[in-house]
Amino acid sequence: MRDRYMKAFVTTGHGGLDRLEYRDVPVPTPAAGEVLIEVGACGLNNTDIWTRQGSYGTERDPNAVTTTARKPGAFPLIQGCDIVGGIVELGSGVPESRLDERVIVNLVEYDENDSTVITGGIGSARAGGYAEYVAVRSVNAYAIDSPLSDAELATFPCAYLTAENMLDAAGVKEGETVLVPGASGGVGSALLQLVAARGARAVAVASSAKLHQVHTLEPFAAVARDEGDLIDAVREALGRDGVEVAADVVGGPQFSAVLALLNWGGRYVTSGAIAGPVVDLDLRTVYLKRLRMIGVSLGLARHFETVLAHIQAGRIKPLLAATYPLADLKQAQTDFLGKQFFGNLVVVP
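In this text the structure is predicted, and so the values were computed from the model without any measurement.

Thresholds applied
- Residues numbered from 1 in each chain as written.
- Predicted model: local features only at pLDDT ≥ 70, side-chain atom pairs only at ≥ 80, totals over all residues.
- Heavy atoms only, no water.
- Helix = DSSP H or I, 4+ residues; strand = E, 2+ residues; numbered from the N terminus.
- Rg over C-alpha atoms; globule rule 2.2 N^0.38 Å.
- Buried < 20%, exposed > 50% of the residue type's maximum accessible area, 1.4 Å probe, protein only.
- Contact = heavy atoms within 4.5 Å.
- Areas by Shrake-Rupley, 256 points an atom, 1.4 Å probe, with all protein chains shown as cover.
- Lys, Arg positive; Asp, Glu negative; His and termini not counted.
- Charge placed at Lys NZ, Arg CZ, Asp CG, Glu CD.
- Phe/Tyr/Trp six-rings, centres within 6.5 Å; stacked < 30°, edge-to-face > 60°.
- Lys NZ or Arg CZ within 6 Å of the ring centre and 35° of its normal.
- Disulfide = S-S within 2.5 Å.
- Pairing = 2+ DSSP bridges.
- Right-handed = clockwise from strand over helix to strand, strands pointing away.
- Expected span 1.5 Å × (residues − 1).
- Salt bridge = Lys/Arg side-chain N within 4 Å of Asp/Glu carboxyl O.

**Observations concerning the overall build of the protein chain**
So, step 1. The secondary structure content of the protein chain amounts to 10 helices and 17 strands.
So, step 2. Computed over C-alpha atoms, the radius of gyration of the protein chain comes to 20 Å, within 12% of the 20 Å expected from 2.2 N^0.38 for 349 residues, which places it in the range of a compact globule.
So, step 3. Once the C-alpha set of the protein chain is aligned to its principal axes, its extents read approximately 65 × 40 × 40 Å.
So, step 4. Looking at the 349 residues of the protein chain, the share that counts as buried comes to 52%.
So, step 5. Residue pairs in contact within the protein chain that sit at least 24 positions apart in sequence constitute 70% of those at least 6 positions apart.
So, step 6. When the accessible surface of the protein chain is totalled, it reaches about 15100 Å², and 49% of it is carbon and sulfur.
So, step 7. Taken as two groups, the 30 positive and 40 negative side-chain charges of the protein chain have centres that lie 5 Å from each other.

Below, the structure is given as structure tokens:
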């Protein structure tokens, strides 16, 4: 294995699709405490795109070219963080019993002495799954016994980890109502399912073109963001003024409408801004309504384990929109950016 080469897409720097190169690279050797996974599938998500583009800005300059850590990227890098596959080689210190396990990977790495401290991410701080093989820490590779395909399982890690962290941070309780802008996307559709798993009620907001697909997840209500006034549409659908929580990955021009829909004492939680990170904020809305604003990124091991338990119990279902051969990653990312799909896209080596 150590003398073998594999196919992989290597990101050579910040920029467009021309920064992705399909190459032969050495198969990685698992270090102590690591496992080597033969990749069965690897999902796409916004983190992959934004890390390549350097779209994270800084506190002083929202247009600065940086990665998730708001630092310049370290290239060349194999990206891809939503990994499912089988363990084919063990680093020292890993029990022999783990060989041949089918696993799903938590993309987030934590401090060895404090599991609440994020130290890096697979596909951004270290090599990821846009390859035939990937080496990860053994603790990040969770054994899974599921009838779902590798491609279906690869729709879960990043989006559902992030969504579960959002709901946990906002303290969503049974019976509460949660507004979900961007409900047709990866994190948005994850939120709809995880809100329901908590016994809460989701109000989905999506484009009119995708509203029929959103309805298949059976939210409490669903409204089109591009037909009339959003505030009026949501209030009409609810039959009351507003919601307890807004779980937002959209931002952009409708940010102020989302805040307006929060009840007194409401909670706004965000983990993304696909419609624009710089928004108009009327601080009077925040202090007069006693709102809480919460930001989260990715999630902790316990959030991943909660998602895994939901998968195993069948409480959430994969939303696999399409699969692509690894060699067609550029086309997959082009389609991902086009947003003409519902759920998640996955590449298969």
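**Side note on the packing of aromatic side chains**
The way to describe two aromatic rings as a pair is by their centre distance and the angle between their planes.
So, step 1. For the coordinates displayed, the defined rule picks out six aromatic pairs.
So, step 2. Relative to tyrosine 56, the ring of tryptophan 50 has its centre 6.1 Å away and its plane inclined at 80°; by these criteria the two rings are edge-to-face.
So, step 3. The side chain of arginine 201 reaches across the aromatic face of phenylalanine 220, ending 4.7 Å from its centre.
So, step 4. A cation over an aromatic ring shows up here: lysine 339 above the ring of phenylalanine 336, its NZ or CZ 3.8 Å from the ring centre.

**Let's talk about the state of the cysteines**
So, step 1. As enumerated under the stated definition, the model contains zero disulfides in all.
So, step 2. You can see cysteine 42 has no disulfide; the closest cysteine sulfur is in cysteine 81, sitting 6.6 Å from it.
So, step 3. We classify cysteine 42 as buried; its relative accessible area is 0%.
So, step 4. With no disulfide of its own, cysteine 158 has cysteine 81 as its nearest cysteine by sulfur position, at a separation of 4.5 Å.

**Brief notes about the pairing of strand β16 (residues 320-325)**
So, step 1. With five bridges joining them, β16 and strand β17 (residues 344-348) adopt parallel strand pairing. Its bridge partner being in β17, tyrosine 324 is matched across the sheet by valine 347.
So, step 2. Crossover connection from β16 via helix α10 (residues 329-338) to parallel β17: handedness right-handed.

**Overview of unusual backbone geometry**
So, step 1. That bond from phenylalanine 75 to proline 76 is cis: its omega, 0°, falls within 30 degrees of zero.
So, step 2. Mapped onto the fold, proline 76 is located in the loop between α1 (46-53) and β4 (82-90).
So, step 3. Positive phi, normally seen in glycine, also occurs at aspartate 100, with a value near 75°.
So, step 4. Note on placement: aspartate 100 falls in the loop between β4 and β5 (102-105).
So, step 5. Of note in the backbone geometry, lysine 339 takes a positive phi value of approximately 55° without being a glycine.
So, step 6. With respect to the secondary-structure elements, lysine 339 resides in the loop between α10 and β17.
So, step 7. Since its relative accessible area comes to 30%, lysine 339 is described here as partly exposed.

**Digging into helix α4 (residues 186-197)**
So, step 1. Given a rise of 1.5 Å per residue, 12 residues ought to cover 16 Å, and the 17 Å separating the end C-alpha atoms of α4 matches this to within 8%.
So, step 2. Counting buried residues along α4, 10 of its 12 residues qualify, which places the element largely inside the surrounding structure.
So, step 3. All buried positions along α4 are accounted for by Gly186, Val187, Gly188, Ser189, Ala190, Leu191, Leu192, Gln193, Leu194 and Val195.

**Digging into the pattern of salt bridges**
So, step 1. Under the criterion given, the structure shown has 12 salt bridges.
So, step 2. With a closest N to O distance of 3.7 Å, glutamate 109 and arginine 137 form a salt bridge. With glutamate 109 in strand β6 (residues 108-111) and arginine 137 in strand β8 (residues 133-137), the pair connects residues that are 28 residues apart, well separated along the chain.
So, step 3. The salt bridge partner of glutamate 244 is arginine 240, with a shortest N-O separation of 3.8 Å.
So, step 4. Among the charged side chains, a salt-bridge network with shared partners connects Glu34, Glu109, Arg126 and Arg137.

Taken by themselves, the reported measurements are silent on function.
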